[in-house]
Amino acid sequence: QVQLVESGGGLVQAGGSLRLSCVASGSIFSINVMGWYRQAPGKQRELVAAVTSGGITNYASSVTGRFTISSISRANAKKTVSLQMDDLQPADTAVYYCSAVVRPRDYWGQGAQVTVSS
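The structure displayed is predicted, hence computed values, not measured ones. (Residues numbered from 1 in each chain as written. Predicted model: local features only at pLDDT ≥ 70, side-chain atom pairs only at ≥ 80, totals over all residues. Heavy atoms only, no water.)

## Thoughts on the pattern of salt bridges
Now for step 1: Evaluated as defined, the whole model comprises three salt bridges.
Now for step 2: We note a salt bridge from Arg-38 to Glu-46, for which the minimum N-O separation is 2.7 Å.
Now for step 3: The class for Arg-38 is buried, based on a relative accessible area of 6%.
Now for step 4: Judged by its relative accessible area of 36%, Glu-46 falls in the partly exposed class.
Now for step 5: The closest approach of N and O atoms between Asp-92 and Arg-66, which form a salt bridge, is 2.8 Å. With Asp-92 in the loop between strand S8 (78-85) and strand S9 (94-102) and Arg-66 in the loop between strand S6 (57-59) and strand S7 (67-74), the pair connects residues that are 26 residues apart, well separated along the chain.
Now for step 6: Given the relative accessible area of 14%, Arg-66 is considered buried.
Now for step 7: Linked by salt bridges that have partners in common, Arg-38, Glu-46, Arg-66 and Asp-92 make up one network. (Salt bridge = Lys/Arg side-chain N within 4 Å of Asp/Glu carboxyl O. Buried < 20%, exposed > 50% of the residue type's maximum accessible area, 1.4 Å probe, protein only. Helix = DSSP H or I, 4+ residues; strand = E, 2+ residues; numbered from the N terminus.)

## Concerning the state of the cysteines
Now for step 1: Evaluated as defined, the whole model comprises one disulfide.
Now for step 2: Across a sulfur-sulfur distance of 2.1 Å, Cys-22 and Cys-98 are joined as a disulfide pair. Its S-S torsion of about -80 degrees marks the bond between Cys-22 and Cys-98 as left-handed, since a negative value means left-handed. Placement of Cys-22 in strand S3 (residues 18-26) and of Cys-98 in strand S9 is noted, with a sequence separation of 76 residues between them. One exposure class covers both Cys-22 and Cys-98, and it is buried. (Disulfide = S-S within 2.5 Å.)

## What to know about the sheet that holds strand S1 (residues 2-8)
Backbone hydrogen bonds hold the strands of a sheet together, and the pairing may be parallel or antiparallel.
Now for step 1: Reading across from one edge, S1-S3-S8-S7 is the order of the four strands in this open sheet, with antiparallel pairing throughout. Strand pairing shows two members of the sheet lacking a second neighbour, S1 and S7, which therefore form its edges. Taking the axes of each pair of neighbouring strands and ignoring which way they run, one obtains an average angle of 15 degrees across the sheet.
Now for step 2: Alignment of S3 against S8, held across eight bridges, turns out to be antiparallel. (Pairing = 2+ DSSP bridges. Axes fitted to C-alpha atoms, helices over the stretch in contact; angles between N-to-C directions.)

## Notes on the nonpolar core
Now for step 1: Residues Leu-4, Met-34, Trp-36, Leu-83, Met-85 and Tyr-96 are the most contacted members of the largest nonpolar core, which totals 31 residues.
Now for step 2: With five residues, the single largest contributor to this core is S9.
Now for step 3: Contacts of Met-34, omitting those with residues within four sequence positions, involve Leu-4, Cys-22, Ala-24, Ala-50, Val-51, Ile-69, Lys-79, Val-81, Cys-98, Ser-99 and Ala-100. (Core = buried A, V, L, I, M, F, W, Y, C linked by side-chain atoms within 4.5 Å. Contact = heavy atoms within 4.5 Å.)

## A few points about the environment of Gly-16
Now for step 1: Checked against the element boundaries, Gly-16 lands in the loop between strand S2 (10-13) and S3.
Now for step 2: A relative accessible area of 17% places Gly-16 in the buried class.
Now for step 3: Note: C-alpha distance between Gly-16 and Gln-1 (15 residues apart in sequence) is 36 Å.
Now for step 4: Not counting the four nearest positions on each side in its chain, Gly-16 is found in contact with Met-85, Asp-86, Asp-87 and Leu-88.

Next up, the structure:
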């Protein structure tokens, strides 16, 4: 079992920055991949960025060069994955979800709203 708690998000003007954080607890050493997905109104959920347990990162083409994902394992048996979002654009407006894969199961955070005004 893995529990995910998200923080961050909010409202920002175009060109601004926000940072999302997700703290994973529970069976963190079984996590294969952690990542961020987003879902805009009327659209399907899409992958934004992911990082494997070995540190390999993957980004959606729409955010490459603007978003950075990072992961830190802490001594208190918790793992934090963060998403630094720079040069935000109105098209980035969505609910952002943290995810953790412990094969074959996916775990999800509660979601964080990111709104970018033009």
